[in-house]
Amino acid sequence: MSACVRANRSSRAIRLHANMQRMHITPNTHTYNVLLLGLRKLGMWARAYEAFQKMRRTQVDRDMVTYVRLGETFENGRKWSQALDMLSDMYENWYNSKRPNGDRDKNSNIPHLKPVQPSLKLFNYVLGSLSHAGKSEIALAIAQRMQRERIEPNLHTYRKLSYANA
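Bear in mind that the values here come from a model prediction, so they are computed numbers and not experimental data.

Section: the confidence of the model for the chain
- With 73% of its residues at a pLDDT of at least 70, the chain reaches an overall mean of 79.
- Per-element confidence in the chain is highest for helix α7 (residues 120–132), whose mean pLDDT is 91, and lowest for helix α1 (residues 2–6), whose mean pLDDT is 56.

Below, the structure is given as structure tokens:
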């Protein structure tokens, strides 16, 4: 799959992923990340979101690569609600990792995943998708959350915030 995506044959990589599932080969984080890259290259944000939802349902670990690929896809596709859903998933994962093992959130569907700490890069993708949609109030709330988390904004952050307020 990786070779297909690197050779700009993302459609073939997507078919290989589907064939793996038909053959009852369980996809892992790496295969999903390759799939997400192929979907991003083809501009197929809806399929990327479906793959993300399937990762959640089947409790496949999401790592920083997963969230970055999704962030890029949702920003390019101007899909702000999906970007917020991705950010929420990352926070739920990170928040639950900070609790003692016996004290998991009862509503969490992420009982065992590896934590991914929120990062400036991911926040900037979310802010980008919000700015494309003109969702300035939500973008400002996200920027305030960054401050509470002590994530320092950069030039890209301010640029995305200014676009949201334009």
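Some words on the environment of leucine 37
- Mapped onto the elements, leucine 37 comes out in helix α3 (residues 29–41).
- Along the backbone, leucine 37 and threonine 73 are 36 residues apart, and their C-alpha atoms lie at a distance of 8.4 Å.

Here we look at helix α4 (residues 45–57)
- Relative to the 18 Å expected for 13 residues at 1.5 Å per residue, α4 spans 18 Å between its end C-alpha atoms, a close match to the ideal helical length.
- Listing the buried residues of α4 in full gives Ala48, Tyr49, Ala51, Phe52, Met55 and Arg56. Along α4, the residues classed as buried sweep out an arc of 160° about the axis, all on the same side.
- Glutamine 59 lies just past α4 and shows a positive phi near 55°.

Quick look at the packing of aromatic side chains
- Enumeration over the complete set of coordinates arrives at three aromatic pairs.
- Ring centres of tyrosine 49 and phenylalanine 74 lie 5.9 Å apart, and the angle between their planes is 65°; this geometry places the pair in the edge-to-face category. With tyrosine 49 in helix α4 and phenylalanine 74 in helix α5 (residues 64–76), this pair connects stretches of sequence that are 25 residues apart.
- Of the residues examined, tyrosine 49 reaches a relative accessible area of 17% and is grouped as buried.
- Assessed through its relative accessible area of 0%, phenylalanine 74 is described here as buried.
- Look at tyrosine 91 and phenylalanine 123: their rings are 6.3 Å apart centre to centre, the planes differ by 65°, and that puts the pair in the edge-to-face class. Pair noted here: tyrosine 91 is in helix α6 (residues 80–97) and phenylalanine 123 is in helix α7, with a separation of 32 residues, a long-range link.
- According to the relative accessible area criterion, tyrosine 91 is buried, its value standing at 7%.
- Put simply, the rings of Tyr49, Phe52 and Phe74 touch in pairs and so form one group of aromatic residues.
- Here the guanidinium or amino end of arginine 145 rests over the ring plane of tyrosine 91, the centre of that ring lying 3.6 Å away.

Parameters at a glance
Residue positions are counted from 1 within each chain, in the order its sequence is given. Predicted model: local features are reported for residues with pLDDT of at least 70 only, side-chain atom pairs are reported and counted for 80 or more only, and whole-chain, interface and lining totals are derived from all residues. Computation of side-chain values: all heavy atoms of the structure, hydrogens and water removed. The quantity called pLDDT is the predictor's confidence in a given residue, expressed from 0 to 100. Here a strand is any run of E in DSSP of at least two residues, a helix any run of H or I of at least four, and the numbering for each starts at the N terminus. The span one expects for a helix is its residue count, reduced by one, times 1.5 Å. Buried, partly exposed and exposed residues are distinguished by accessible area as a fraction of the type maximum, computed with a 1.4 Å probe on protein chains only: under 20%, between the cut-offs, and over 50%, respectively. Taken from the helix axis, the directions to the C-beta atoms give the arc we talk about. Planes of paired rings set the category: under 30 degrees apart is stacked, over 60 is edge-to-face and the rest tilted, where pairs are Phe, Tyr or Trp rings (Trp by its six-membered ring) whose centres lie within 6.5 Å. Two conditions define a charge sitting above a ring: the NZ of Lys or the CZ of Arg must be within 6 Å of the ring centre, and it must be within 35 degrees of the ring normal.

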